[in-house]
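Structural features, examined
Below are the chains, spelled out letter by letter.
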Amino acid sequence: YRAKAAGGGFVFYQPEMSDGLVERMELAKDLGHALAAGALELHYQPQVNLDDGRAIGAEALLRWRDPQRGWVSPAVFIPIAESRGMIGALGKWVLGEACRQVRAWRDAGLAFPGRLWVNLAAQQLAEKGIVETIRATTRAAGVDSSCLALELTESGLMENVEGAIEIMDTLRRDGFSIAIDDFGTGYSSLAYLKRLPADKLKIDMSFVRDMLSDHHDYTIVTTIIGMARNLGLEVIAEGVEAQAQARALRALGCNEAQGYYFGRPEPAAAFAARWLAPAALPATVPST
Ligand code: C2E
Ligand code: MG
Ligand code: MG
Ligand code: MG
């Protein structure tokens, strides 16, 4: 195996192309064992308001540390889980764990700001009873829908627009928030976008990364922010790694951001210590 330095301050296992089908099967099997053994965890990355640097929420990101491979990126194992019929069970665990964590923070007297954002895979949208699963999971944990939100990728939504619209409508009526993740990468037409009942657009980090050096990316970011404003949607930029990006985004009218510049995904305890205790601390955002 090769190891690749990756985000989050640790090294993710990197499967070789030649590892192929056998390695994918092995990976799926080991992932199943890890799920059953309670060896998966969620890490939490803050989302901040660019005006005052305060946390306005967090994204829950799935983490798997395999004894042999080390950290395996969700970008590797989520697609495998989807192709092997495991995403339902995996997604249920993620939802349950996210709700349990929100509840645990609250029980510990920590004010969790805003919402905890959980990623839903495209296939989960197609699952029968997904709305009921989400309702039941929050209910079981004693967590209100106003504490939770879902991130759906733009490409995932496009797989079944009509079905997605119905689920999104129902969830929003229940009080959950919904963001379109990786926005700008999914080829959705404006006609579809207009019909999607979302609360927020999440600008994909591929546009944010070079927005200050590549004027096409800058234009795309500007366009998405304007589009969100005109459609009455909130907007957040992901992958913000530098102060200059944060400043530029704010100047363009984007008030929310997420990225290594503000904080990396961290285990619950570290996240809480930095962001929730004793009261939400302001991040080191420049005054612009
Ligand atoms: P995503 O939902 O777009 O999540 C953002 C990814 O960007 C995360 O990668 C995060 O660690 C990374 N990131 C955050 N800030 C920065 C930054 O400033 N620079 C860079 N270079 N990266 C940054 P991660 O955790 O590896 O997750 C990758 C993808 O895997 C996620 O993309 C999401 O699509 C999927 N994923 C992760 N957890 C889950 C989950 O629980 N369920 C599902 N269905 N998918 C998940
Ligand atoms: Mg996401
Ligand atoms: Mg994203
Ligand atoms: Mg992504």
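This section reports on the structure supplied with the text. (Residues numbered from 1 in each chain as written. Chains lettered and ligands numbered in written order. Predicted model: local features only at pLDDT ≥ 70, side-chain atom pairs only at ≥ 80, totals over all residues. Heavy atoms only, no water.)

So, the coordination of the magnesium ion (ligand 2)
The test is simple: Note: metal donors comprise N, O and S atoms at 2.8 Å or less from the metal (3.2 Å for Na, K and Ca); water molecules are not included, so apparent gaps in a site are possible. Strands are runs of DSSP state E lasting at least 2 residues, helices are runs of H or I lasting at least 4, and numbering of each runs from the N terminus.
Only E59 (OE), N119 (OD1), E151 (OE) and D181 (OD) from the protein coordinate the magnesium ion (ligand 2), and they sit 2.0 to 2.2 Å from it. Sequence spacing among the residues donating to the magnesium ion (ligand 2) works out to E-x59-N-x31-E-x29-D. The two metals, the magnesium ion (ligand 2) and the magnesium ion (ligand 3), are separated by 4.1 Å and share D181 as a common coordinating residue. Taken together, the positions of N119 in strand β6 (residues 115-120) and E151 in strand β7 (residues 148-153) put the pair 32 residues apart, joining distant regions of the chain.

Here's the deal with the packing of aromatic side chains
Quick reminder of the rule: Put simply, two rings from Phe, Tyr or Trp (the six-membered ring, in Trp's case) pair if the centres are within 6.5 Å, and we call them stacked under 30 degrees between planes, edge-to-face over 60, tilted for the rest. Only protein chains enter the area calculation, which uses a 1.4 Å probe; residues under 20% of their type maximum are buried, those over 50% are exposed, and those in between are partly exposed.
Inspection of the entire model under this criterion finds seven aromatic pairs. On the basis of an interplanar angle of 45° and a centroid distance of 6.0 Å, the ring pair of Y44 and F271 is categorised as tilted. Taken together, the residues span a long stretch of sequence, with Y44 in strand β3 (residues 40-49) and F271 in helix α12 (residues 268-276) at a distance of 227 residues. For Y44, a relative accessible area of 1% corresponds to the buried category. F271 sits in the buried class, given a relative accessible area of 1%.

Some points on the nonpolar core
Note the cut-off: Joining through side-chain atoms within 4.5 Å is the link that ties buried Ala, Val, Leu, Ile, Met, Phe, Trp, Tyr and Cys residues into a set, and such a set is a nonpolar core. Residue contacts are counted whenever heavy atoms from the two residues lie within 4.5 Å of one another.
Core analysis: the biggest nonpolar cluster contains 86 residues, and W105, L201, I203 and L249 have the highest contact counts within it. In terms of residue count, helix α3 (residues 87-107) provides more of this core than any other element does, nine residues in total. The residues contacting L249, other than those within four sequence positions of it, are L50, M211, V221, I225, A237, V240 and C254.

These results come straight from atomic positions and should not be treated as a statement about function.
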